Every structure is written in C-alpha cells, then in structure tokens.
Amino acid sequence: MLHLIPTTINYDFLKMSKPFVWFSTAFVILSVVLLFTKGLNYGIDFTGGAEVQVSVPAGWDTGKLREVLKGGGFGEASVIRIEDSKRNEFLIKTQVSDADSPIVGDKITKLLGSSLQAGEYEVEKVDVVGPQAGSELRTSAVVSVLMAALGILIYITFRFDVRFAPGIVRALLFDVISTLGVWVMIGKEFNLSTVAALLTIAGYSCNDTIVIYDRIRDFQKSHPGDSLYAVVNRSINLNLGRTVLTVLCTNFVVVSLWLLGGPVLGDFALCMLIGFCISIPSTIFVANPMVIYMEKRANAKDQKVDTSRPKHA
Amino acid sequence: MNRSWWLRFGLLSFFFVVAVVHVIPTVGNLNLETTNFPFKKKVNLGLDLQGGLYMVYGVDFKKVYTETLTRSVDGLLNQLSKENITAKMGNVDISVEEDPNVSVEFDQASEAKVKDVLDKQQYALRIMDRKAGSFTLSLAREYRSTIKEHTLSQSVQVIRNRIDEFGVSEPSITTKGENRVVVELPGVKDVERAKALVGRTARLEFKMVNTEAQLNLGELIAETEKSKGFSYKEGEKFSDYVGKLNEALKGKIPADSQVQFERKPGNQNLPFLLHSKVEITGNELSDAMVTFDQEQQAPQVSFQMNPRGAVTFEDLTRNNVGKLLAIVLDDVVYSAPRINGPIPGGSGVITLGSTGGDEAFKEARDLAIVLRAGALPARLDLLEQRAIGPSLGADSIKHGLTASFVGCTLIFIFMLIYYKMSGAVAVVSLILNGLFTLAILIGMDATLTLPGIAGLALTIGMAVDSNVIIFERIRDELFEGKSVSAAVHAGFDKAFACIFDANITHAIVATILLNFGTGPMRGFAVTLLIGIVTTLFCAVTVCKLFFDYYLEAKQNKLESLSI
C-alpha cells in the first residue's frame, strides 16, 4: 500500500490548533478590513458598464486602438491587451449611460469598421450591463450567498446535532472570507463567476468538515470510553490521508483549468484553488476544536464527558 | 455470482449502453441530417461556446398603466354621460411608481350615482381617495397584475414572431421575475440588427396634423428650450427629450395636441403639431412588405389594413380631405402626406427617407417584419447584453476541453499509482461518471456552457473523493485486522452515509447557483447537480460491483487487496 500519510501518524492536532485559531481570526479580520478599505475590484457585472473584446491586425497596439476609440467619444475607455492569445486581442472597458448602453457595442464596431477593412477585425465579445441590471445582479449575488449559508445551516442542524453545526459554519465563513481577502490582495476582478466560485468553495468547505465529523460520530459510537479530545484527534489523523488526497485530486482539475482554461475559466478556477487550499487547515484547525469547545459549553454544568487533554496523548 | 450481482450488472450495462448512444452523436460530431445513427440529438452548446446574443429587457409598465387608466376613465365618463352626469378628468398623476392615479370631478349631488356605476360596471378602477364632488381613481390591484401578466406574455409572443421571421435556430425567449424578458439568440452574427428587431416597440399610429393652431413651431420650441435650459443631446433617449419638451410646452399649444418630430440627418428634426387622438393603430394592419419607390429610387414599406381598418381609413380620409395625415412610428413621424381624397381599400406606404443603398433595404425589410409581427405592448429597455463571436466560442471550447482533459488524466494516473488495482476500478467508475453526466445533460436537453465544462471536470475531481473515502475506510478496516471481505463490506457500508452527507451540501449550493446570474453559470450549476447524482450512483454501484466480483472470484480466500 502506498501512503502519502503514514498510517501510524498520531499528531496532537488539537494542541497545534490554538495558534492557528488566532492566526485564522487575525486573517479574517485583515480580510474584512481589506474589503472595506482597499475594496473588491468589481467587474461590470456589478458596477454596470461595457466590456468589448476585439481582435485587430498584428501591427496595432493599445495606443493606436485608443486613438481610434477617442475619435468616437471613448476617450475614457481603458484598453488592455490580452496576453497569451494567438490573435492580437484587446479588451476595452468603459462606463456607459443608460441611454448609450444598447448601442455601445455597435458604436465600437463602426469605429473599427471606419479604419479597417472587413475581415481584418472582429468584435469577439460585447458585454453591456446597464446600471440598473448591475445593481440587480449585486442584490441577487448577496441573496444567493445568504441563501446558500442558510440552506447549509439548516441541513447540518438536521443531520448533525447542535455541537457540530457551529464548527462547520465557522470554517465555512473563514474559508469564504479569507478567499475574498486574498482576492482583494491580488486585485483580481470580482464578477459573477467569482460569486459562483465562492459558493462552490462554501459547498466544498462543508463537505470536508462533514467527512471528519462523520468520523468523529463513528468513533464515539465504537469507542465509548475514549475522551472526546482523543476521539477528535484520532479522527483527524485517520482522515488526513483522505483530506490530502481529495484536495490534491480536485486541485489537479482546478490547476489545469486555471493554467489552460483560457481567460474566462482561469480566474474562476484560481478563486476555487485559493478557497480549496484554505479549506484544509480550516477544517483541521478551526472546525474540529469547535466541537470540543461546544461540548465543553454543553457540559459546563454537567461534567460527564472528559474533554481535557489526556496526559499520554 | 449471485442473482443480486447479475441484476446490478445488468442494470449498469443497460445504463451504459443508453448513455453511449446518447453521447455518440456529440462526441463523434455526426452530421445529424445525413447520419444513419438512430439517436439524433447533440448536446446544446451555450451562447458562450457557440457564439450568440443574450439580452435582458426590462418592460416599462408605467406607460401601459397610464394608458389603461385613461382609457378606463374615458369609459367611465362615457357611461356617466349616458346617465346625464357630467364629469371631468384631471391630469394623470404618475408620481407613484407603477400606480398612476387621476381625479374625476363631478356634481356633488350625483356622487352616489357615480359610486354605483364604479362599483357595478368598472371593475378595472378603484377609488383611492374621495372628497366632496371628486374621486381619485387608480387601477384595481388584480387588474394591474392581469395587465402585467398579459403585457409580459404578449411581449414574449411578439418577440418570438419577429425572431421567427428573422430566422434564428433555437431561440429562447423567456420571462424572468415579473418584469423582465430574457432573449437568447444562438449563432446570431448581426447583433445590431437583431437588437433593432427585438427591442423596437413598432407602434404604428395614424394621427391628424393640427393645422388649425397656426403656430410657428420652430420658434416656439427654440424659445421654450432656451427658457427651460435644455435641448436634445446626442446619446440621450429621443423619446425622453420629446416627453420633456411636450411637458414644457403645456399651455402654449392646444391641450389636445402634442409635438412630435420627423427625424432628419444631422439633428435637423422637423417638428409637427399632432392631435393626440390616435385615429388608427398598427393593430389594424394585415400585411406589410418591402416595395420600391420609383420616384425616390428608394425602398419603402407598403402596408395593407384589415377590413375594419380599411373602413376606418376610408372614413377618416373622406372627412379630412385637404388636411395632413401623419404616420407615426414609435413616436417619430415618418411622413405626413396631404389627403387628396378618400382612400378606399386601406393600403398605403411608409417612406423611410434616403439613408441610401443596402442599409435602406435592410431597414425596410426589418420594418416590414416588425409591422407584420405586431407592436410590443410596452416599451422594452435593454438592461443587459452579452454577445459572443463564434471564434471566441470555439477558442473557449478548445481551452475548456484541453484543461479538463489534462486535469482528469492527472487524476487517473495518480489514482492508478496510489491505489493500484483498486485505483483502476476508481478510474473506470470516474469515466462512467463523466459519461453518465454528459448523457443525462444531452437527454435532459440541458445546455453545456464553458463553466459547465469546468463543472464536468470538477465533478470528476470531486467524485474521486467518494472513491477515496471508500478506499481509505477499507484500508482502515484492514489496518484494524479485519479480513479482506469483511473490510470491503464494512468500508462500503460506513462510507455511504458520509458520501451522501458530503454531496448534499454541494447540491444545496448548486441549487442556489441555478437561480443566480446568467446562462453560463446556470450551465455550471446544472452540470454540478447532475454530477452529484451520478457520483452517488457510480461510487456505490460501480465500485461495489467490481469489488464483489473480485471477492467472489477469489472465493473469499484473499490474503491481501490491491488497494
């Protein structure tokens, strides 16, 4: 048998969790601060505006394209060259008024048509989101995230008892907020696909925690004599192989999508990659100690379950 | 092998064959027209993969409500006059969004009578406020929601008719929420034209020009613009400008009239003073087609009215010989010819002005289409538009498939190395998983989008998890000293609850994603959801089937397991 993680492994993960809990809390706070100070780099999905992707003849650079656009009243537009593409492609971003939004794509097509022959250029993508649609999408994004959290919470409380639910939710919040924090740090655009990625991360984060909790429940049944502390630790250790393998396999796909999936899938996959990586330590060091903590609280008056660290562990 | 095993094997084989049949036309890229293959359906590619146009329109109900309200109150006044009560309608107050109201004044003595008529015969109206000798009326709530539904469904119908004439394969026109229309047109290349066809209200109206007032409109408008400090700016909605202007002109022009323009190049628009009353609408048209105006050497649109419209048209022209009749389309005057005598038969032409050449022909053809298909019941505002060219779509497919292929191959290699024979079982199970997901996607007529391709790969990536959970459990059981057969059974038993729980949270998230965002993301959610079902199925049946076979073949005398 091939083992990434030796079967004899028996670390006291819970002992190591304390500094991580502090670290994770600090990271969440940092993320929230960043969200409010530097802020997310919102894409047109949420701010409204136009994004036009064009391919033009090889000789053209951003300066030349900007000049042409200026002639049509798009002096304010930002022009970015799309790297790693076989064609000479540019992304034009601009704000639009409500009245202008239906025609901005046509205008840019006409502008290019006036200085280039047909066939020399192509308008590959036009995304126009009016201000009203932008604010609606923003609302629906927030509603979706809240509904996902609520849905997960309801399911866990049904399926697991109250001791387990807070740990899952806390790990979930940590994963999603930290990912957002990293997203702000690297200045990537926040758009509809980022929201979808965050929701997927939320699902993944729970999945990871649930698998360990499932183990803990099993162990409690099969080893009724052991302290909860020992049971949790043993579960983490036994599950370590699975956690690492699963994340590894999922990340094979996610990294491929990130590196090879082109510009649209690239950011979507990168966001998931960040979240999935964060979800490993958060499950081990955040979700699990919460179980002990909740157990302690529940038994504060009635000391039936031994939650203290056994001396031999 | 026992019966249960054969039963499960038979079922799996059946699913496998059905799935392969579903997938072959897509994977083999068969030409559905010429192929002899019995199953003739390919996967639907989303707009982001095949190129096309996605548009979200907002329906402007305000005007519809206001018009319905004035019409209903007109009806009420008519009824009251039959009962010898004189009543007067005030100005419509549109300050409350989507619930305009209007006051009706009458002789205080007849209040009871008015109330009676309202209660018994005017179900569309409700009294918002009552004072001595005056009611404030607005539309009844149920009636308003009826109008809303009707307007929305009629908009969809009209757009569908227009698109059908335009010729797009598999368009999708749906409503979203209570005031949105979503139009998806795969493969459309001429975005500008498609937009003009879909979004144009195409409200054709015949109105009489008010020649009695003897005003110098040009001067009057210039003066008003100067005193109120506004003018038409490029980029502004022309209809907004006209609305503002008419508001400002109130009192300076007769109350039953309004100013509308004939648009000329270079903003040299020609104003007309028109009677507000609509004599005939485009609803009375039975046909419209492009013809050629020999004199102007330009295309024009000829129309034919239905019998009822033709009669009205004849009466109208008979009674107004020598006056000007304006043909107004979407609040813009197209022409205002002099009526030389009664026109029987109800046919006429709309001249387009000379934009010249090919463009003019296109415009004429599109105008004929929208006139034939009918007017939209309300103004549609384009809120969101996403257009993708075919080459970008093809690029996306290539990128998505390459990335997915590489990712999955890495997983397969890893599983083979790490779990050996059991890993091979997992790989078979994963491949079947992907096959089933794609087959269900095709069978359900769902749409595969670029994020959907990612979702498919991610499904494989996450499905590994269920195999890993099972295998790790079996290893644990072996580690605890159980026999191979006992370890395998215990492993599967214990793993299932865990796999189920873990996948449910994915399902919750995917369900929510289904209702979020645009088409591409919905495609992602759909693949994830289908993937979860197939994952649960494959992990439990496929792997178990192999392990059962192996254990049985070795007669439970296994010393070790390749895991």
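Residues numbered from 1 in each chain as written. Chains lettered and ligands numbered in written order. Predicted model: local features only at pLDDT ≥ 70, side-chain atom pairs only at ≥ 80, totals over all residues.

**What to know about the overall build of chain B**
- Helix and strand counts for chain B stand at 14 helices and 19 strands.
- For 563 residues, the compact-globule estimate of 2.2 N^0.38 gives 24 Å, and chain B exceeds it by more than 25% at 34 Å.
- With the C-alpha coordinates of chain B rotated into their principal frame, the extents come out at 110 × 65 × 45 Å.
- Across chain B, contacts joining residues at least 24 apart in sequence account for 70% of those joining residues at least 6 apart. (Helix = DSSP H or I, 4+ residues; strand = E, 2+ residues; numbered from the N terminus. Rg over C-alpha atoms; globule rule 2.2 N^0.38 Å. Contact = placed C-beta atoms within 7 Å.)

**Quick look at the sheet that holds strand β7 (residues 172-176) of chain B**
- Ordered by their spatial adjacency, eight strands build an open sheet running β3(A)-β4(A)-β2(A)-β5(A)-β18(B)-β2(B)-β8(B)-β7(B), and the pairing between neighbours is antiparallel. Sheet topology places β3 (78-81) of chain A together with β7 of chain B at the edges, where each strand pairs with a single neighbour. Averaged over all neighbouring strand pairs, the angle between strand axes comes to 20°, with direction disregarded.
- Pairing of β7 of chain B with strand β8 (residues 180-186) of chain B involves five bridges; the strand directions are antiparallel. Within β8 of chain B, the position partnered with Thr174 of chain B by the bridge is Val182 of chain B.
- Strand contacts of helix α3 (residues 62-71) of chain A: β3 and β4 (89-94) of chain A, with the helix running at about 150° to β3 of chain A, the strand carrying the most contacts.
- Each of β2 (49-55) and β5 (122-129) of chain A together with β18 (379-388) of chain B touches helix α11 (residues 390-443) of chain B; the most contacted strand, β5 of chain A, lies at about 90° to it. (Pairing = 2+ DSSP bridges. Axes fitted to C-alpha atoms, helices over the stretch in contact; angles between N-to-C directions.)

**Considering the interface of chain B and chain A**
- Facing 67 residues of chain B, the contacting portion of chain A comprises 61 residues.
- Class assignment of the residues belonging to the side of chain B that touches chain A gives a composition of 38 nonpolar, 16 polar and 13 charged.
- Here β5 of chain A pairs with β18 of chain B via five bridges, running antiparallel. Bridge pairing links Asp127 of chain A to Arg386 of chain B in β18 of chain B. (Nonpolar A, V, L, I, M, F, W, Y, C, P; charged D, E, K, R; others polar.)

**A few points about helix α9 (residues 262-298) of chain A**
- Taking 1.5 Å of rise per residue, 37 residues should cover 54 Å, and α9 of chain A covers 51 Å from first to last C-alpha, within 8% of that figure.
- The sharpest bend along α9 of chain A measures roughly 45° and falls at Ser282 of chain A. (Expected span 1.5 Å × (residues − 1). Bend = angle between axes of the 7 residues up to and from the residue.)

**Section: unusual backbone geometry**
All names here are of chain B.
- The phi dihedral of Asp331 falls on the positive side, at around 65°, and the residue is not glycine.
- Mapped onto the elements of the fold, Asp331 is located in the loop between β15 (325-329) and β16 (332-335).
- Even without glycine at this site, Lys420 takes up a positive phi of about 50°.
- You can call Lys420 partly exposed: it has 15 C-beta atoms within 10 Å. (Buried ≥ 20, exposed ≤ 12 C-beta atoms within 10 Å, placed from the backbone.)

**Regarding the domain arrangement of chain B**
- Under the domain assignment used here, chain B contains domain 1 (3-50 + 391-553), domain 2 (61-134) and domain 3 (200-387).
- Centre-to-centre separation of domain 1 of chain B and domain 3 of chain B, based on C-alpha positions: 59 Å. (Domains from an automatic or database assignment.)

**Overview of the domain arrangement of chain A**
- When cut into domains, chain A gives domain 1 (13-43 + 133-298) and domain 2 (49-129).
- Each of domain 1 of chain A and domain 2 of chain A has a C-alpha centre, and the two are 40 Å apart.

**Describing helix α4 (residues 104-115) of chain A**
Residues and elements named next belong to chain A.
- Taking 1.5 Å of rise per residue, the twelve residues of α4 would be expected to cover 16 Å, and the 17 Å separating its terminal C-alpha atoms lies within 8% of that figure.
- Every buried residue belonging to α4 is among Val104, Gly105, Ile108, Leu111 and Leu112, and all of these are buried. Burial along α4 is one-sided: seen end-on, the buried residues are contained in an arc of 125°. When the buried face of α4 is taken as reference, the exposed residues oriented beyond 90 degrees from it are Lys110 and Ser114. (Arc of directions from axis to C-beta.)

**Comments concerning the pairing of β8 of chain B**
All names here are of chain B.
- Most of β8 is tucked away, with five of its seven residues classed as buried.
- Sheet analysis places strand β2 (residues 52-60) next to β8, joined by seven bridges and oriented antiparallel. Each residue of the ladder has a partner; that of Gly52, found in β8, is Pro186.
- The hairpin turn running from β7 into β8, its antiparallel successor, is three residues long, and Gly177 in that turn takes a positive phi close to 60°.

**What to know about the environment of Pro254 of chain B**
Residue and element names in this part refer to chain B.
- Relative to the helices and strands, Pro254 resides in the loop between α8 (238-249) and β10 (257-262).
- Sequence separation of Pro254 and Leu274 is 20 residues, and the distance between their C-alpha atoms is 9.9 Å.
- Residues contacting Pro254, with those up to four places away along its chain left out, are Asn210 and Ala213.

**As for the packing of α11 of chain B against helix α14 (residues 519-553) of chain B**
Residue and element names in this part refer to chain B.
- Orientation of α11 relative to α14, taken along the N-to-C sense of each, is 140°, at an axis distance of 8 Å. Regarding α11 and α14, the two cross each other, and that crossing is right-handed. Across the interface between the two elements, Val425, Ala426, Val428, Ser429, Leu432, Asn433, Phe436, Thr437, Ile440 and Leu441 from α11 touch Thr527, Ile530, Gly531, Thr534, Thr535, Cys538, Ala539, Val542, Cys543 and Phe546 from α14.
- Of the residues in the contact of α11 with α14, the class split is 13 nonpolar, seven polar and no charged. (Left-handed = near helix turned anticlockwise from the far one by under 90°.)

**Remarks on the sheet that holds strand β13 (residues 285-293) of chain B**
All names here are of chain B.
- With antiparallel pairing, the three strands of this open sheet are ordered in space as β13-β14-β17. For this open sheet the edge positions go to β13 and β17 (347-351), each flanked by a neighbour on one side alone. When strand polarity is set aside, the average angle formed by the axes of neighbouring strands in this sheet is 30°.
- Summarising the sheet, strand β14 (residues 298-305) and β17 pair through five bridges and their orientation is antiparallel. Residue pairing for β17: Gln300 is matched across the bridge by Thr351.

**Considerations on the packing of α11 of chain B against helix α12 (residues 450-479) of chain B**
Residues and elements named next belong to chain B.
- The interhelical angle for the contact between α11 and α12, taken along N-to-C directions, is 10°, at an axis separation of 7 Å. Here α11 is positioned roughly parallel relative to α12, judged by the angle of their axes.
- Looking at side-chain class alone, the contact of α11 with α12 contains 16 nonpolar, twelve polar and no charged residues. (Parallel < 35°, antiparallel > 145°, perpendicular 65-115°, else oblique.)

**Considering the nonpolar core**
- Counting residues in hydrophobic clusters, the biggest one holds 242 residues, and the most contacted among them are Ile168, Ala202, Leu257 and Ala269 of chain A together with Leu371, Val464 and Leu513 of chain B.
- Non-local contacts of Ala269 of chain A, meaning those with residues more than four positions away in its chain, are made with Val254, Leu257, Trp258 and Gly261 of chain A together with Ala454 of chain B. (Core = buried A, V, L, I, M, F, W, Y, C linked by C-beta atoms within 7 Å.)

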